[in-house]
Amino acid sequence: MYLGIDLGTSGVKLLLLDDAQAVVATADAAVPQHRPQPTWSEQHPADWWAALEAAVAQLRAQVPAAWAQVRGIGLSGHMHGAVVLGAQGQVLRPAILWNDGRASAECAQLEDAVPTSRQITGNLAMPGFTAPKLLWLRTHEPAVFDQIRTVLLPKDWLRLQLSGDAVSDMSDASGTLWLDVQTRTWSPAMLQACGLYVSHMPALAEGSAPTGTLRSDVARRWGLGEGVVVAAGAGDNAASAVGVGARTAGQGFVSLGTSGVVFRVTDAFAPATERAVHAFAHALPQRWHHMSVMLSAASAFGWVTRLTGRGDEAQLSDAVGTLSTSRQMQAPLFLPYLSGERTPHNNAAATGVFVGLRAEHDAADLAYAVMEGVGFGLLDGLNAMRAAGAGQSRAARRDDDAALALVGGGARSNPWAQLLASALGTPLQRPQGAHAAAALGAARLAAMACGGDEAHWCQPLPADATFMPQPAQQAQLAERYARFVALYPALQSQF
């Protein structure tokens, strides 16, 4: 048995996988998020551990015999967070999360300090990344900064509690702006620009490599045996890629999680910073990936559900599915920048906007607008990735129209999935268990860390549904997309 632990923004999800690659059981527990000031987003690491313990208790109670056979643990987690530790390993302040926008000014400061930063890291300096957060701490919380001895990413803080080892994997480390992504080593130049050294960083390992074993006291408390292997794991998106079997160039997925992602594996490090496309190391050795990211996706649909007083997202999704074409064409347009935006605008100050509201619009109209706006944001990102791929050799490129997997909590909505397939012009295959792809990927990495073969453990999942672009819907969406892309430049000065 292999345990996948996925630390998400809203909670911890656990997945137990057997040797036949069947999911035996899952469990989850919520984690509160704090926004003490506008644009800030924080969590307390102690809440992550409490949620993990609660989810473990659930899973252990569900399948006690299977639980006792766990041999390996893999970790996945939300990227870019800054967990700062003192000399005794104590947490010095709440973790600053990926969707925190406070460090905008520090991005320019970092790129001025290291003019080659984009070539080293494969990315623009963005407020969500880890390095600008540490620059912000050095300026605004110097007493905290001076005490820092170790900086960890969120899932790697969990690893420290599990095994006592300070280690990160290549995919998650790529999101710090401290990794030389081509050589897969820490960059002294990028660290020095933040007043840090390699000694502040965890060790590095490939995602499928073992990094230690579960501490004896934790194993006893959890009812597990000695020597349970802990794998390096992956950032949440690379873990999802492993979960859906995206391991060779051209394979990838679209994710409708808290954030929205388009992910494609590449066989070489290929920076594409001019349009805010991320170039990261994959969780698997000698592979990289391109990724576009929007900061509000399924979370935007949760927001509109609460806004309209609808308690159930599934019911609101079903209501969207009943809208006629004419109602859809008359719906307002929605800019989905509720937490700022990354690809392609790289603007932490961008905000959400409804355009074209009228008295006759109801909850279903607004919900459709949100689904569509998120779809258009993902299309912006995919178009940026397609432009980035145009400069690669034919051997390195793969068919832009190849099917992509559809994962994340929002993937459960059939109306949204169909809208996305038509908006992106790409077939979308929703794998079985798509909502737990990151936890599944973490469990698969655990199996590989215990000696399992990559090709065996990274097979694509069977699809429970396939959504094809519909020409009539594509024509409708193309007309509205033309209006959507005109809105950001028209409103940018107002953000």
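Only a predicted model underlies this, so the values are computations on that prediction, with no experimental measurement involved.

**What to know about the overall build of the protein chain**
Phase 1 of the analysis: Scanning the protein chain from N- to C-terminus turns up 19 helices and 24 strands.
Phase 2 of the analysis: Computed over its C-alpha atoms, the radius of gyration of the protein chain comes to 21 Å, within 12% of the 23 Å expected for a compact globule of 495 residues.
Phase 3 of the analysis: Once the C-alpha set of the protein chain is aligned to its principal axes, its extents read approximately 65 × 55 × 50 Å.
Phase 4 of the analysis: Buried positions account for 61% of the 495 residues belonging to the protein chain.
Phase 5 of the analysis: Considering only residue pairs separated by 6 or more positions, the protein chain has 73% of its internal contacts joining residues 24 or more positions apart.

**A closer look at unusual backbone geometry**
Phase 1 of the analysis: For the bond from threonine 343 to proline 344, the omega torsion is 0°, close enough to zero to count as cis.
Phase 2 of the analysis: Inspection of the secondary structure assignment puts proline 344 in the loop between strand S20 (333-335) and strand S21 (353-355).
Phase 3 of the analysis: Of note, histidine 80 is a non-glycine position whose phi angle comes to about 75°, a positive value.
Phase 4 of the analysis: Position of histidine 80 relative to the elements: it lies in the loop between strand S5 (72-77) and strand S6 (83-85).
Phase 5 of the analysis: By relative accessible area, histidine 80 is classed as buried at 3%.
Phase 6 of the analysis: Despite not being glycine, asparagine 346 has its phi angle at roughly 50°, a positive value.
Phase 7 of the analysis: Inspection of the secondary structure assignment puts asparagine 346 in the loop between S20 and S21.

**Description of helix H17 (residues 437-449)**
Phase 1 of the analysis: With 13 residues, H17 extends 18 Å from end C-alpha to end C-alpha; this agrees with the ideal 18 Å at 1.5 Å per step.
Phase 2 of the analysis: For H17, a buried count of 13 out of 13 residues is recorded, marking the element as mostly surrounded by other parts of the structure.
Phase 3 of the analysis: Downstream of H17 by one or two residues, glycine 451 has phi in the positive range, about 105°.

**Regarding the pattern of salt bridges**
Phase 1 of the analysis: Per the counting criterion, the structure on display carries 19 salt bridges.
Phase 2 of the analysis: Glutamate 141 is the salt-bridge partner of arginine 93, the closest N and O atoms lying 2.7 Å from each other. In this pair, arginine 93 is assigned in the loop between S6 and strand S7 (95-96) and glutamate 141 in the loop between helix H5 (130-140) and helix H6 (142-145), connecting sequence segments 48 residues apart. Each member of the pair, arginine 93 together with glutamate 141, is buried.
Phase 3 of the analysis: In this structure, arginine 287 and glutamate 454 form a salt bridge, with 2.6 Å as the shortest nitrogen-oxygen distance. Of this pair, arginine 287 sits in the loop between strand S18 (278-281) and strand S19 (288-294) while glutamate 454 is found in helix H18 (residues 454-457), placing the two residues 167 residues apart along the sequence.
Phase 4 of the analysis: A relative accessible area of 15% means that arginine 287 is categorised as buried.
Phase 5 of the analysis: On the accessibility criterion, glutamate 454 (16% relative accessible area) is buried.
Phase 6 of the analysis: Each of Glu42, Arg93, Asp100, Arg102 and Glu141 takes part in salt bridges that share partners, so that together they form one network.

**Brief notes about H5**
Phase 1 of the analysis: Among the 11 residues in H5, eight count as buried, and that is most of the element.
Phase 2 of the analysis: Of the positions making up H5, those classed as buried are Thr130, Ala131, Pro132, Lys133, Leu134, Leu135, Trp136 and Leu137.
Phase 3 of the analysis: On its buried side, H5 packs onto S6, S7, helix H3 (104-113), H6 and strand S8 (150-152).

**Details of the packing of aromatic side chains**
Phase 1 of the analysis: All chains considered together, the criterion is met by 16 aromatic pairs.
Phase 2 of the analysis: Ring geometry for tryptophan 48 versus tryptophan 157: centroids 6.0 Å apart, planes at 70°, classification edge-to-face. Residue tryptophan 48 is found in helix H1 (residues 45-62), and its partner tryptophan 157 is found in helix H7 (residues 154-163); the two are separated by 109 residues along the sequence.
Phase 3 of the analysis: Grouped by ring-pair contacts, the aromatic residues Trp49, Trp67 and Trp222 constitute a single cluster.
Phase 4 of the analysis: Over the face of the ring belonging to tryptophan 136 we find arginine 102, whose NZ or CZ atom lies 4.7 Å from the ring centre.

**What about the packing of helix H11 (residues 236-244) against H17?**
Phase 1 of the analysis: One way to put it is that H11 packs onto H17 with a least axis distance of 7 Å and a crossing angle of 75°. Relative to H17, the element H11 is oriented roughly perpendicular. Residues Asp236, Ala239, Ser240, Val242, Gly243 and Val244 of H11 form the contact with H17, whose own contacting residues are Ala437, Ala438, Leu440, Gly441, Ala442, Arg444, Leu445 and Met448.
Phase 2 of the analysis: The class makeup of the residues in the contact of H11 with H17 is nine nonpolar, three polar and two charged.

**Re empty space enclosed by the protein**
Phase 1 of the analysis: A full pass over the atoms with the stated rule returns two cavities of 30 Å³ or more.
Phase 2 of the analysis: Here the second largest cavity defines a volume of roughly 60 Å³.
Phase 3 of the analysis: Taken together, Thr130, Val151, Leu152, Leu153, Asp156, Ser168, Thr176, Trp178, Trp186, Met201 and Pro202 make up the full set of residues lining the second largest cavity.
Phase 4 of the analysis: Partitioned by chemical class, the residues of the lining of the second largest cavity number seven nonpolar, three polar and one charged.

**Regarding the environment of valine 293**
Phase 1 of the analysis: Structurally, valine 293 is set in strand S19.
Phase 2 of the analysis: Linking valine 293 and aspartate 380, residues 87 residues apart in sequence, is a C-alpha distance of 9.8 Å.

**Digging into the nonpolar core**
Considering soluble globular proteins, one finds that nonpolar side chains tend to be buried as a cluster.
Phase 1 of the analysis: Core analysis: the biggest nonpolar cluster contains 98 residues, and Ile5, Leu52, Leu134, Trp178 and Trp222 have the highest contact counts within it.
Phase 2 of the analysis: Considering each element in turn, this core owes the most residues, seven residues, to H1.
Phase 3 of the analysis: Residues within four places of tryptophan 178 in sequence aside, it is in contact with Thr130, Ala131, Leu134, Val151, Thr185, Trp186, Ser187, Met190, Leu191, Cys194, Leu196 and Met201.
Phase 4 of the analysis: By size, the runner-up hydrophobic cluster in this structure holds 55 residues, among which are Leu335, Ala363, Leu366 and Ala423.

**Brief notes about the sheet that holds strand S23 (residues 428-431)**
Phase 1 of the analysis: On the basis of which strands lie adjacent, the open sheet formed by seven strands has the order S18-S19-S17-S16-S22-S23-S24 and mixed pairing. Each edge of the open sheet carries a strand with a single partner, namely S18 and strand S24 (463-467). Strand after strand, the sheet turns through a mean of 25° between neighbouring axes, direction not considered.

About the thresholds
- Residues numbered from 1 in each chain as written.
- Predicted model: local features only at pLDDT ≥ 70, side-chain atom pairs only at ≥ 80, totals over all residues.
- Heavy atoms only, no water.
- Helix = DSSP H or I, 4+ residues; strand = E, 2+ residues; numbered from the N terminus.
- Rg over C-alpha atoms; globule rule 2.2 N^0.38 Å.
- Buried < 20%, exposed > 50% of the residue type's maximum accessible area, 1.4 Å probe, protein only.
- Contact = heavy atoms within 4.5 Å.
- Expected span 1.5 Å × (residues − 1).
- Salt bridge = Lys/Arg side-chain N within 4 Å of Asp/Glu carboxyl O.
- Phe/Tyr/Trp six-rings, centres within 6.5 Å; stacked < 30°, edge-to-face > 60°.
- Lys NZ or Arg CZ within 6 Å of the ring centre and 35° of its normal.
- Axes fitted to C-alpha atoms, helices over the stretch in contact; angles between N-to-C directions.
- Parallel < 35°, antiparallel > 145°, perpendicular 65-115°, else oblique.
- Nonpolar A, V, L, I, M, F, W, Y, C, P; charged D, E, K, R; others polar.
- 1 Å grid on protein atoms, 1.4 Å probe; cavity = no way out; pocket = protein on both sides within 12 Å on 5 of 7 lines; lining within 4 Å.
- Points joined across faces, edges and corners; volume = space filled by probe spheres on them.
- Core = buried A, V, L, I, M, F, W, Y, C linked by side-chain atoms within 4.5 Å.
- Pairing = 2+ DSSP bridges.

Just geometry here; none of it tells us what the structure is for.
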